[in-house]
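Per-entry structural report
Given next are the chains, with one letter for each unit.
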Amino acid sequence: MGPTPEDRELTDILAGLSHLIEGVKATESRRLGLTPQQAELLCVIEPGARTHGELASLLHCDRTNITGLVGRLERRGLVRRQAAPRDRRVTHVVLTDEGAALMTRFRDAVTTTFAEPFATWPAADRATLTRLARTATELLTDTPSAT
């Protein structure tokens, strides 16, 4: 038995939502002088130090792509490489203060863009959407084909 019409509708809606989200992020990244790929890399570094391999895995790309992106962001003073404290052979990429400030501006701009259309929704509806989006993200993160 193949996908149902409801499955296709859900897939189309999620793909459309993803496209809208990526469009907003691309617009805001360019406004801040970043490519969408650079902004995405900075977003996944923001929670803490990451190795090149971790970054490649999180961004679903090859480590060679990460090396170039990190190099360009390092030259701009937005990230720096540092040796891991327990194994000096391992290099972590971390945000500089300037990179962290830029990420705050990026996240604030994206948040404002997404929050405005939902401002008139009742709080309960917003909470339901948040819960469903979180649950869907967790479900898809645990799905082998999503990685």
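The paragraphs below set out a description of the structure included in this document. These numbers were taken from a predicted model, which means no experiment stands behind them.

**Focus on the pattern of salt bridges**
Evaluated as defined, the whole model comprises five salt bridges. Across the pair Glu22 and Lys25 runs a salt bridge, and its minimum N-O distance is 3.7 Å. With a gap of three residues between them, Glu22 and Lys25 both fall in helix α1 (residues 5–31), about one helical turn apart. A relative accessible area of 17% places Lys25 in the buried class.

**Examining the layout of surface pockets**
As a volume, the largest pocket reaches approximately 1,900 Å³. Lining the largest pocket are 40 residues, with Leu17, Ser18, Ile21, Ala133 and Thr137 positioned closest to its centre. Among the elements of the structure, α1, α2 (36–45), α3 (52–59), α5 (97–118) and α6 (123–141) are those that each provide at least two residues to the lining of the largest pocket. For the lining of the largest pocket, the per-class residue count stands at 24 nonpolar, ten polar and six charged.

What counts, and where the lines are drawn
- Residues numbered from 1 in each chain as written.
- Predicted model: local features only at pLDDT ≥ 70, side-chain atom pairs only at ≥ 80, totals over all residues.
- Heavy atoms only, no water.
- Salt bridge = Lys/Arg side-chain N within 4 Å of Asp/Glu carboxyl O.
- Helix = DSSP H or I, 4+ residues; strand = E, 2+ residues; numbered from the N terminus.
- Buried < 20%, exposed > 50% of the residue type's maximum accessible area, 1.4 Å probe, protein only.
- 1 Å grid on protein atoms, 1.4 Å probe; cavity = no way out; pocket = protein on both sides within 12 Å on 5 of 7 lines; lining within 4 Å.
- Points joined across faces, edges and corners; volume = space filled by probe spheres on them.
- Nonpolar A, V, L, I, M, F, W, Y, C, P; charged D, E, K, R; others polar.

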